[in-house]
Amino acid sequence: MFGLFKSKQPTPGRGLYLVNVKVARGSNPRMPKSLAGAYVSAYVTANNHESATTLAVTRLTAQGYEFLDTQGPITRLDHRQWSAHVAQSWPEFIDELPKQNEIAEGLQGEMVFFGPFVGYERAERVDR
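All of these numbers come straight from a predicted model, not from anything done at the bench.

Enquirer: Whenever I open this one, helix α2 (residues 82-89) confuses me. Can you help?
Expert: The α-helix winds at 3.6 residues per turn, so residues separated by three or four positions along the chain end up facing the same way. Buried within α2 we find Trp82, His85 and Val86. With its buried residues spanning 95 degrees around the axis, α2 presents them on a single face. Each element contacted by the buried residues of α2 is listed here: β1 (15-24), β2 (35-46), β4 (75-77), α3 (100-106) and β5 (111-121).

Enquirer: In this structure, what is going on with the pairing of β2? I would like to understand it.
Expert: Look at any regular strand and the pattern is simple: side chains alternate between the two faces of the sheet. For β2, a buried count of 11 out of 12 residues is recorded, marking the element as mostly surrounded by other parts of the structure. Pairing analysis gives 10 bridges linking β1 to β2, with the strands arranged antiparallel. When the bridges of β2 are listed, Leu18 appears paired with Tyr43. Direction of pairing for β2 relative to β5: antiparallel, over a ladder of nine bridges. Bridging across to β5, Thr45 finds its partner in Met111.

Enquirer: Can you walk me through the packing of aromatic side chains in this structure?
Expert: The geometry of two aromatic rings is summed up by the distance between their centres and the angle between their planes. According to the stated counting rule, one finds seven aromatic pairs in the structure shown. Aromatic side chains Trp90 and Phe93 sit 6.3 Å apart centroid to centroid with 75 degrees between the ring planes, which places their arrangement in the edge-to-face category. Taken together through their ring pairs, the aromatic side chains of Tyr43, Trp82 and Phe113 make up a single cluster. Here Lys22 stacks its cationic end above the ring of Tyr120, 5.3 Å away from the centre of that ring.

Analysis parameters
Residues numbered from 1 in each chain as written. Predicted model: local features only at pLDDT ≥ 70, side-chain atom pairs only at ≥ 80, totals over all residues. Heavy atoms only, no water. Buried < 20%, exposed > 50% of the residue type's maximum accessible area, 1.4 Å probe, protein only. Helix = DSSP H or I, 4+ residues; strand = E, 2+ residues; numbered from the N terminus. Arc of directions from axis to C-beta. Contact = heavy atoms within 4.5 Å. Pairing = 2+ DSSP bridges. Phe/Tyr/Trp six-rings, centres within 6.5 Å; stacked < 30°, edge-to-face > 60°. Lys NZ or Arg CZ within 6 Å of the ring centre and 35° of its normal.

Given below as structure tokens:
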């Protein structure tokens, strides 16, 4: 009964993870036809990096993208430094990414969001 009055704290072990992913167009209709795929930073609240990666890939494939690979290490970010991370990594997208308080709230459950998608074109085949 008294547990009802406790303030909500992040579940122990839950954290904010950065999973950099490479995707192909797949069946996603929003990607311009000139692009073969994209690189995207997925931000996920999860208990560990494996769960974070699975959730990121699940959300991307649900949008029609074809998962190709992760890029670099999966990183656990200090959620209290989210505003600084955005200012350093994505200053031009500050208004589009979640705010510091939304990140703290997201640690209570499942949260997945994406940074900007950086598209790439098909490599032209050169016959010799």
